[in-house]
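Residue-level structure breakdown
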Amino acid sequence: EANREKYLVSPSQSPAAQTADPAQLEALRYEAVKALQAALDAPGRDAVSIEAAMALGKLRHEPGLGELKKLAASGDTIKVRRAALLAIGLLGSQAAESDLAQVNPKQLDERVAGLVAMGLLPKAQSAATVRHLRSVLDRDSRLIGADNTSKPDEMLARATVVCWALRQHGETDHVRYF
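Source: prediction; values computed, not measured.

A word on the overall build of the protein. If you tally the helices and strands in the protein, you get nine helices and zero strands. Start at the N end of the protein and walk to the C end: the helices and strands fall as α-α-α-α-α-α-α-α-α. Burial status across the protein gives 37% buried among its 178 residues. Long-range pairs, those at least 24 residues apart, make up 62% of the contacts in the protein with a sequence separation of at least 6. When the accessible surface of the protein is totalled, it reaches about 11000 Å², and 53% of it is carbon and sulfur.

Structure representation (structure tokens):
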């Protein structure tokens, strides 16, 4: 009972007493990135690889682009490859953007994830990105509803995602697509 007084007073959380040290934050970020990069290669543990990829993307750790591209191309499962594509979009760098424009996987889920990743880019830094999205939409919109369309569900999925991605990079001339 003699020491109870110190527990009855809330500790101070004033900003002046808890200044952010940039060097310490960078050291912590470095350690986190190292751990995440190690977790990318977690064979048989999809959830770990997926979360590590997404975290690297959210951290916008551009040096991780090579590892994310490798994971997107040859991850253990489609879930891991899809997450790696989305993480590339979250990186938001110009290199990530140009890599996404060249992605052409065989699986529909991965193709759609690549298009979603283009919508996740914070800003379309290249007019080629918007042109690519428009060309996919134009190609699919001509075929949707045609009797000879071999994969209508795939085209509708791509068209829907492309409309969403174009909306994320809002320009006034997108209106004709909606």
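Taking 1.5 Å of rise per residue, the 13 residues of helix α3 (residues 46-58) would be expected to cover 18 Å, and the 18 Å separating its terminal C-alpha atoms lies within 8% of that figure. Buried residues of α3: S49, I50, A52, A53, M54, L56 and G57, and no others. The first or second residue beyond α3 is R60, which carries a positive phi of 55°.

Moving on, we get to the pattern of salt bridges. Considering all chains together, one arrives at four salt bridges under this definition. The shortest N-O distance in the salt bridge between K69 and D99 comes to 3.3 Å. A residue pair is termed long-range when its members are at least 10 positions apart, and K69 in helix α4 (residues 65-74) and D99 in helix α6 (residues 94-101) qualify at 30 residues. Judged by its relative accessible area of 38%, K69 falls in the partly exposed class. The exposure class of D99 is buried, given its relative accessible area of 19%. The closest approach of N and O atoms between D109 and R82, which form a salt bridge, is 3.3 Å. Taken together, the residues span a long stretch of sequence, with D109 in helix α7 (residues 108-120) and R82 in helix α5 (residues 78-91) at a distance of 27 residues. In this structure D109 comes out as partly exposed when scored by relative accessible area, which is 37%. For R82, a relative accessible area of 27% puts it in the partly exposed group.

Time to look at the side chain of E97. Mapped onto the fold, E97 is located in helix α6. Lacking a salt bridge, the buried E97 has K123 as its closest oppositely charged neighbour, with an N-O distance of 8.3 Å. Leave out the neighbours within four places in its chain, and E97 touches L121, K123, A124, Q125, S126 and T129.

This part is about α5. In this model, α5 (14 residues) spans 20 Å end to end at C-alpha, consistent with the 20 Å of a helix rising 1.5 Å per residue. Listing the buried residues of α5 in full gives V80, R81, A83, A84, L85, L86, A87, I88, G89, L90 and L91. For α5, the elements touching its buried residues are α3, α4, α6 and α7. Looking one or two residues beyond α5, the residue adopting positive phi is G92, at roughly 75°.

Our next topic: the side chain of H61. Here H61 shows up in the loop between α3 and α4. The buried category is assigned to H61, whose relative accessible area is 14%. For H61, the residues in contact, after removing those within four places along its chain, are R29, V33, Q37, L56 and L91.

Rules used in this analysis
Residues numbered from 1 in each chain as written. Predicted model: local features only at pLDDT ≥ 70, side-chain atom pairs only at ≥ 80, totals over all residues. Heavy atoms only, no water. Helix = DSSP H or I, 4+ residues; strand = E, 2+ residues; numbered from the N terminus. Buried < 20%, exposed > 50% of the residue type's maximum accessible area, 1.4 Å probe, protein only. Contact = heavy atoms within 4.5 Å. Areas by Shrake-Rupley, 256 points an atom, 1.4 Å probe, with all protein chains shown as cover. Expected span 1.5 Å × (residues − 1). Salt bridge = Lys/Arg side-chain N within 4 Å of Asp/Glu carboxyl O. Lys, Arg positive; Asp, Glu negative; His and termini not counted.

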